[in-house]
Each structure stands twice: as structure tokens, then as C-alpha cells.
Amino acid sequence: VHGDFTLATCAMLRSAAAALASWPRGRTLACTATAAAQEIVFAQFGDPNAVLELRNADAPRAPAADEIAVRFLASPINPADINVVEGVYAKLPKSLPAVGGNEGVAEVVATGAAVRGLKVGDWVLPQAPLFGTWRTDAVAKAADFVRVANDLPLTEAATLMVNPPTAFRMLSDFVALRRGDVVVQNGGNSAVGQAVIQIARARGIKTISIVRDRDDFESLAQRLVALGADVVVPESVAEDSTRYADAVRGLARPRLALNCVGGKATITLGKALDTDGVLVTYGGMSKRPVTIPTGFLIFKNIAARGFWMTQWYATRPADERERMMRELEQLVRSGALRT
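Every value quoted in this text rests on a predicted model; they were computed, and no experiment measured them.

**Q** I'd like a rundown of the nonpolar core, residues and numbers included.
**A** Formed by 46 residues in total, the largest nonpolar core has its most connected members in V105 and L256. If near-sequence neighbours (up to four positions away) are discounted, V105 is found in contact with F72, L73, A74, W123, V124, L125, V148, L154, A157 and A158. Grouped together as the second largest cluster of nonpolar side chains are 17 residues, V237, V248, L269 and I302 included.

See the structure below:
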């Protein structure tokens, strides 16, 4: 599990992982399919360590005409999954008990008579929100899935629906970025942050990544630079105008800032942005309100926007989702993107 999270969030992720421990899994994955149908559910919202339960499930039924039956190969744990279990996420299950997990890769094992475009053996990703991917088997409408190439590494395929698309869309939809432009972000070593670095590099866009101060900063910075980051700085440097200026010397002012932290970290991004820049908030790991001084709006004409991948999927046509997925697959195949 990757991410630049608070200690509390990391602890909750560890709790979820502990609850999942009896289900065989691959590296960094929440689960791998087993012979018997099983699922990880929660009957009430709360601490994942207390409310998550692994249980046997009924054998999957035969799919209806417009449905497919799938067997999950691997599913990751994302911070939003933990927030759902806690009952604090923006979108929650309509009823409980519910199966946890919102992302994963599955193999089609049966198709309904009316299904077109998918066949047995294809790999698919669920695109319906709160699908419940911490299970071995599922039957749902074919329209609830998007096909993904089955020649991708399993880890990349299982994590290709949430974080890389979030990075892809934020780099595409808010500013018409050109080669040589600069993007600044906090949470630079989060899963989205790492995807931003890699996709930006593939497009010839430079990145400044801010991460929390830590004892192993140098090794972390080296790892992000190896992914393609141009500059990596700890928060203490980003908040010091003189030291920050030295660190980013030679780079143009960023036209786009990506915020997953909130609180005073937003001010740091606003200071870094160029006039007419765009600040996009896609997370709030500090659990504090986004702070934007009046001067940023008046004198720098900064625009503040929000982005939620779930909303994008819900409002975009299938062909647009397919085009994005094919581009991401190509980045993975070329070695330009690793999750």
C-alpha cells in the first residue's frame, strides 16, 4: 500500500490489512481469488479492525442476458476504501452489510446471451461506485465494467481504475499544459502523486513534488526522481520562500497545482503558482479546510477547482472512458507508468 498519509490513516490501513491477512494475496494487494466464494464485509461503520469480517459467500448465480460473471484476481486497499468502512466518505453503501473495496481486476468467467464486446477470459475493471471488490466472485451488468488488457502485470491492472486515471484527468482537464510547463503537487509520494510524476514525464511536463518531512527524505526523493520527478522538496523547504526558490531555480512557475492535503498546505501551493494558475483539490488528508488567502484570488487570479474521479466516471460516455484506459495501458506497456 502506497501513500503519503497521516499516521492515523496508515494505522487504519494496517488494521484493514490485518483483517485481510487470512485471504491469500500478492504483493501490495488486498486479495487474490480462491476456489471457494468468499467476501470481506462490514455490517456497521467503524474501525476497520473491528468491523471487517471475512466470510464464505453463496456460489455465484448464472448471469442474466445483460450480465457477466467474474472472478476477482486481485484488489488493492485505497484510503477511500477505509473511509467508506468508517462511514466518513462522500458516498456510502445504501444498506449494510456491504462488501468492501472499490477497485480491482477480475476475469470474465461467463457472459449473458445479450452481452457484446466481452468474452470469457477477458479482464475487466468495475466502474460502478462502491462495487465491492474484496470478494472472489460477482455477477453484475456488463455495463458496470470496462475491459482492460490481460497482458498487463496483475498489480498494474488491479490498480488502474482510481489513482492513475485521477492523475491523467487532472493533467488533462484543467490547464492546456505544453511540453516544458511545470506542475506542483503535495502528497508527491502518494499513489496519485507518483502517477502524476510518471504521466507528466511522458508528456514532457516538469513536476515539483512536496512531501512531508521525514528521516528518510533523501531516499524517498531519490525514488521519486527515478520515477521522473524534477524537484522533490519537504514541506519545511516548500514553506520557506528563500529555500524553495533555490530548490526550483531554473524552472518556470507552475501553471497547475494539485492538492490532496488541504489546510495550510494549500497556501504553500498557492504561493508557488503562477498568475492565472489553477489549484485543483482532489483530497483532504489533513482533514482541515482548504485555505486560500484573498490575495491569491484578487492579485494572482488563481482559480480553485475540485476533482472527484467517481463523478468523472458517472458523467462521461463509455467511449471517453475506453480511450483513457487504452492510453493508460500503453503507458504501462511502454514502462512509462508503474503503480
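Now that the structure has been shown, the text picks up again.
**Q** Tell me about the packing of aromatic side chains, and please be specific about residues and values.
**A** Following the criterion strictly, the structure yields six aromatic pairs and no others. Between the aromatic rings of F72 and F131, the centroid separation amounts to 6.1 Å while the plane-to-plane angle is 55°, which identifies the pairing as tilted. Of the two residues, F72 is situated in strand β3 (residues 67–74) and F131 in the loop between β6 (123–126) and β7 (137–141); the sequence distance between them amounts to 59 residues. F131 carries the same exposure label as F72, and that label is buried. An angle of 70° between the planes, with centres 6.3 Å apart, marks the rings of Y89 and W308 as edge-to-face. Highlighted residues: Y89 in the loop between α3 (79–86) and β4 (98–99) and W308 in the loop between β14 (303–306) and α12 (309–315), separated in sequence by 219 residues. Owing to a relative accessible area of 32%, W308 belongs among the partly exposed residues under this scheme. Three or more aromatic residues link up through ring pairs in this structure, and these residues are F72, F131 and F145.

**Q** Help me get a handle on the side chain of D181, residues and values and all.
**A** Positionally, D181 belongs in the loop between α5 (163–173) and β9 (182–186). A polar side-chain atom of D181 sits 2.7 Å from the main-chain amide nitrogen of R178.

Rules of the game
Residue positions within a chain follow its written sequence, with the count starting from 1. Residues qualify for local features only when their pLDDT is at least 70, as the model is predicted, and side-chain atom pairs are given and counted only at 80 or more; totals for whole chains, interfaces and linings, by contrast, use all residues. Only hydrogens and water are set aside; all other atoms, that is, all heavy atoms of the structure, feed into the side-chain values. Side-chain atoms within 4.5 Å link the members of a nonpolar core, which is a set of buried Ala, Val, Leu, Ile, Met, Phe, Trp, Tyr and Cys residues. The buried label goes to any residue with under 20% of its type's maximum accessible area, the exposed label to any with over 50%, and the partly exposed label to all in between, with areas taken from a 1.4 Å probe on protein chains only. Contacts are assigned to residue pairs with any non-hydrogen atoms lying within 4.5 Å of each other. For this analysis, a ring pair means two rings from Phe, Tyr or Trp (six-membered ring only for Trp) whose centres lie within 6.5 Å, classed as stacked if their planes differ by under 30 degrees, edge-to-face if by over 60, and tilted for the remaining angles. Helix numbers and strand numbers start at the N terminus; a helix is a DSSP run of H or I with at least 4 residues, a strand a run of E with at least 2. For this analysis, a polar contact is any N or O atom pair within 3.5 Å, provided that within protein one partner can donate a hydrogen and the other can accept it, and provided that sequence-adjacent residues contribute only side-chain to side-chain pairs.

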